[in-house]
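Chain and residue survey
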Amino acid sequence: MKTVLVADDEVSIRKLYHRELSREGYNVLFASNASEAIQLSRESHPDLVILDIRMPGMDGIEAMGRILEENNELPIVINTAYSSYKDSFLSWSADAYVTKSSDLTELKDTVRNLLQEKKPALIG
Amino acid sequence: MNPPVDAYKAMLERLCASSRMSAVLVDASGSIVWKNEYSEEEFPGLFVPGAGFQTELDRGTLAQLGRGEPLSEGSAGESGELRRTESGSVYRHSCLHLGEAGPDFQLHCLLNVSAEKRLEEHFLLNLQQLRSMKEIVDILYQSMSTPEVIYLCLIAVTAQMGFGFNRAFFLQVTGGRMRGRFGIGPSNPEEAHTIWSRFATQNFSSLRQVYEDFTRSGGMPDPRTQEIAIRMDFELQKHGWHATQRESLRGILGVLARGKPAQLHASDPGTQVDRELFERLGTDTVAVVPLFVRGELAGVIIADNLITRKAINEADLNVLKTFAGYAGLALERSHLYDELRQSVAKLQAANETLKTSQQRLLQAEKLSAIGELAAYVSHEIRNPLVAIGGLARSLIKDQVDDPDTAETLQIIATQVNRLEKFLRETLDFVKPRVAGVVPADVLQIVRESLATFKNELSENAIEVELETSEDAVICQIDPDLLRHALSNLIKNAIEAMKGGGRLLVGVVKNGVSGTIRIGDTGPGIPAEARPRIFDPFFTTKPEGTGLGLSIASQNIRGLGGQLELEPGDEYRTVFRLTLPLQLRQELVTARS
């Protein structure tokens, strides 16, 4: 069973993602802020991380940087209510960028695809 | 000896002795019976026995005399009539019939009035010149444009009711250079005949009329004369113009330096300038009229009589002297007016630019503030919406047994979806984005945008008229922003044609830009709303946000394009979207 780590500060979003991603057959872990997400990704070895950008304290982009420093093969999906970050180069190192929507089809498709393809190891 | 004749003679001897009158007594046969000494002295051969008076104007009278008829009134009656001899003398001729007391005799008295006549003619000429000058000056001072003033000057110099030269040229003098600008008048006798006979039939009563006719006919009666003018170009510096003692220069340079109108002959000693001037003009005598504006030599009028070869006399030059002063003043006035006009135009343009940039700034500030707010609102609303809608969808999947609950959940999901769509279509585009500019096929995007409205178009019975150019229109744009702008325009057009109509969609390429036109046959935008339709929050629709067009126009401008409203014709509302074309920069760079 694949493990997906979701970092989002809103409890209602965590509730929703828990329902939907469990139904997809994933083991879902939650972090309510960026530091928790970094810690969990180190300790629990998730197969994929879904990061919100706007969180209290450290934001999702910075958290992504820290996580990738430790494991640059880990697929990361940026998932935010802001569409404007889509064009920011800061989010380019993410594997995917999905704008938050009540229709989770796009997010679920993205997660499925990323987990299916084997990420090539980076050289250097 | 005839007694009455002797009596007459005696009387005439006494009479003539006391005045310088010439008298001739003629009998019924036309023979001279007597004449006094002055007759022969002043009018030699004037009266030929049997043939009568040998003057041009007098043949009718002679015929009458020859027939022995009494002279009728209005002819050489007792009060006398002016006659001119071939040699130019003018005399007063009066005739007395002396036939009552015997045989018929005619007494012809002749008084030389040449001097008085010359004086009178001189006065009349001066008067006429004064009148012409006044008219010329009046017209010159009504003119506000420099070229018009110059043309009027040339017309005044050449018109019969002006100074009557055949041709006139204006050469401008600036920075030590003298260049021909205008030339008018015929270039050959045939042309002269055409022009002059036309003028004769037109019967102009003022120079203004001549000028108006001149401008109506295209302003160039003989292009060859204009050609001569513009071919004249002299570097005065090369011919001694820089000298300190300019006044002593020879030829036209000297005339210009002295500043007074003068006559020049091809045979006069001069410089290369004179030789070339006469060669180009093809004449041997010219009048040169220097024109001064604010004390500076501004140009020169050169006039000649190419066709009639009429000599230029001192009187002509005197009139030109007076004229030159007025012409200079008129030029100065028109120069000032030109400067004023230019300054006003510059100020107006600057004012316009300022206004436009102020408006742009204001709009940009407004949009920027809206953008910040929109991004915040969007985020704050979207998160709860995701939870509400997402959970509702999630619950639906749980196979709810109660159909009412299932329907309620469906309503929640649908309504949330609607709100999210609104956020996507409006607020997301407010935030100035880092546009993802790529070369994109505009027609392809237009077709895609139209396809998304397929249902709305058919539901409202709207016919689409697609006009495209043959070539693909590839523009440097962010396809998302263009799609957003297009869907706004198409949506507006559909809303304007609820009862059906025609939607114009044109995609063409022109020069360095691609143009998309979206037009509808709806009721049109009210005139008072037209200037404001791109303002943020301005809307004519009850449920409109007033953001669609303002965001679209801002985004298109961000791409280096423009979104405008056309005046509209059969399509009452037409929006024109201009985008920069992809110029294949890579290819150009690679080749060079």
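Residues numbered from 1 in each chain as written. Chains lettered and ligands numbered in written order. Predicted model: local features only at pLDDT ≥ 70, side-chain atom pairs only at ≥ 80, totals over all residues. Heavy atoms only, no water.

Some words on the packing of aromatic side chains
Residue and element names in this part refer to chain B. If you walk through the whole model with that rule in mind, you get three aromatic pairs over all chains. Here Y151 and F182 contribute two aromatic rings whose centre-to-centre distance is 4.7 Å and whose plane-to-plane angle is 40°, an arrangement assigned as tilted. In this pair, Y151 sits in helix α5 (residues 146-158) while F182 sits in strand β9 (residues 177-184), placing the two residues 31 residues apart along the sequence. Here Y151 and F182 have matching classes, each one buried. Look at F534 and F575: their rings are 6.2 Å apart centre to centre, the planes differ by 80°, and that puts the pair in the edge-to-face class. Taken together, the residues F534 in the loop between β18 (513-520) and α16 (548-558) and F575 in strand β20 (residues 573-580) connect sequence positions 41 residues apart. The two residues F534 and F575 agree in class, both being buried. (Phe/Tyr/Trp six-rings, centres within 6.5 Å; stacked < 30°, edge-to-face > 60°. Helix = DSSP H or I, 4+ residues; strand = E, 2+ residues; numbered from the N terminus. Buried < 20%, exposed > 50% of the residue type's maximum accessible area, 1.4 Å probe, protein only.)

What to know about helix α4 (residues 105-116) of chain A
Taking 1.5 Å per residue, twelve residues should reach 16 Å; α4 of chain A reaches 17 Å between its end C-alpha atoms and fits that length. All of the buried residues along α4 of chain A are L107, K108, T110, V111, L114 and L115 of chain A. Mapping the buried residues of α4 of chain A onto a view down its axis gives an arc of 160°, with all of them on the same face. As for α4 of chain A, its buried residues are in contact with β1 (3-7), α1 (11-23), β3 (48-51), β4 (76-80) and β5 (96-99) of chain A together with α11 (314-397) of chain B. (Expected span 1.5 Å × (residues − 1). Arc of directions from axis to C-beta. Contact = heavy atoms within 4.5 Å.)

Here's the deal with the nonpolar core
Residue and element names in this part refer to chain B. Core analysis: the biggest nonpolar cluster contains 42 residues, and F163, I301 and F323 have the highest contact counts within it. At the level of secondary structure, the elements contributing two or more residues to this core comprise α4 (114-142), α5, β8 (167-174), β9, α7 (207-216), β12 (285-293), β13 (296-304) and α11. It is α5 that provides the largest number of residues to this core, a total of nine residues. (Core = buried A, V, L, I, M, F, W, Y, C linked by side-chain atoms within 4.5 Å.)

Some details on the sheet that holds β18 of chain B
Residues and elements named next belong to chain B. A sheet is described by the order of its strands in space; here five strands give the open sequence β15-β17-β18-β20-β19, paired in mixed fashion. The sheet is open, and its two edges are formed by β15 (462-468) and β19 (562-566), each paired on a single side. With direction set aside, neighbouring strand axes in the sheet form an average angle of 15°. Pairing between strand β17 (residues 501-510) and β18: eight bridges, direction antiparallel. (Pairing = 2+ DSSP bridges. Axes fitted to C-alpha atoms, helices over the stretch in contact; angles between N-to-C directions.)

Quick word on the layout of surface pockets
Residue and element names in this part refer to chain B. Approximately 540 Å³ is the volume attributed to the second largest pocket. Q359, R360, Q363, F534 and R557 are, among the 19 residues lining the second largest pocket, the residues nearest its centre. Looking at the lining of the second largest pocket, the elements that each hand over two or more residues are α11, α16 and β19. Top contributing element to the lining of the second largest pocket by residue count: α11, with eight residues. (1 Å grid on protein atoms, 1.4 Å probe; cavity = no way out; pocket = protein on both sides within 12 Å on 5 of 7 lines; lining within 4 Å. Points joined across faces, edges and corners; volume = space filled by probe spheres on them.)

Let's talk about the interface of chain B and chain A
Taken residue by residue, the interface counts 23 residues in chain B and 20 residues in chain A. Surface buried jointly by chain B and chain A totals about 1900 Å² across both partners, of which 51% is contributed by carbon and sulfur atoms. Its largest share of buried area at the contact with chain A, chain B owes to H379, N383 and V386 of chain B, together 27% of the area lost on that side. Taken together, the links from chain B to chain A amount to four salt bridges. Going through the elements one at a time, α11 and α12 (403-430) of chain B are the ones with two or more residues in the side of chain B that touches chain A. Of the residues belonging to the side of chain B that touches chain A, the class tally is nine nonpolar, six polar and eight charged. (Buried area = accessible area lost by both parts, 1.4 Å probe. Salt bridge = Lys/Arg side-chain N within 4 Å of Asp/Glu carboxyl O. Nonpolar A, V, L, I, M, F, W, Y, C, P; charged D, E, K, R; others polar.)

Some points on the packing of helix α15 (residues 479-496) of chain B against α16 of chain B
Residue and element names in this part refer to chain B. At their nearest, the axes of α15 and α16 sit 9 Å apart, and the two run at 145° to each other. Crossing of α15 over α16 shows left-handed handedness. In this structure, α15 uses L481, L482, H484, A485, N488, L489 and N492 to contact α16, whose residues at the interface are G548, L549, I551, A552, N555 and I556. Split by residue class, the contact of α15 with α16 holds eight nonpolar, five polar and no charged. (Left-handed = near helix turned anticlockwise from the far one by under 90°.)

Structural notes on unusual backbone geometry
Residues other than glycine seldom take positive phi values, yet H45 of chain A does so here, at roughly 45°. Counting through the fold element by element, H45 of chain A comes out in the loop between α2 (34-44) and β3. For H45 of chain A, a relative accessible area of 60% translates into the label exposed. Phi at A461 of chain B is positive, roughly 50°, even though this residue is not glycine.

A look at the confidence of the model for chain B
Do not read the fine detail of predicted coordinates wherever pLDDT is low. Per-residue pLDDT for chain B has a mean of 80; in total, 86% of the residues score no lower than 70. Interface confidence for the predicted complex, expressed as ipTM, amounts to 0.83; the pTM equals 0.47. (pLDDT = per-residue confidence, 0-100.)

So, a negative patch on the surface
Residues and elements named next belong to chain B. Judged by side-chain charge, D401, D402, D404 and E407 come together as a negatively charged surface patch. The topology assignment puts D401 in the loop between α11 and α12. For D401, a relative accessible area of 75% gives the class exposed. (Patch = residues over 30% accessible without salt bridge, like charges linked within 9 Å, V, L, I, M, F, W, Y side chains within 5 Å. Areas by Shrake-Rupley, 256 points an atom, 1.4 Å probe, with all protein chains shown as cover. Lys, Arg positive; Asp, Glu negative; His and termini not counted. Charge placed at Lys NZ, Arg CZ, Asp CG, Glu CD.)

Thoughts on a nonpolar patch on the surface
A cluster of nonpolar side chains, contributed by M144, Y337, L340 and V344 of chain B, occupies part of the molecular surface with about 330 Å² of accessible area. Turning to its location among the elements, L340 of chain B is positioned in helix α11.

Overview of the side chain of K117 of chain B
Residue and element names in this part refer to chain B. Topologically, K117 is positioned in helix α4. Its relative accessible area of 16% is what places K117 among the buried residues. Non-local contacts of K117, meaning those with residues more than four positions away in its chain, are made with L82 and V90.

Examining α15 of chain B
Residues and elements named next belong to chain B. Its 18 residues give α15 an end-to-end C-alpha distance of 25 Å, which sits within 8% of 26 Å, the value for a rise of 1.5 Å per residue. Every buried residue of α15 is listed here: P479, L481, L482, H484, A485, L486, N488, L489, I490, N492, A493 and I494. The N-capping residue of α15, defined by a side-chain oxygen 2.9 Å from the backbone nitrogen of D480, is D478. (Polar contact = N/O pair within 3.5 Å; in protein donor to acceptor, adjacent residues only side chain to side chain.)

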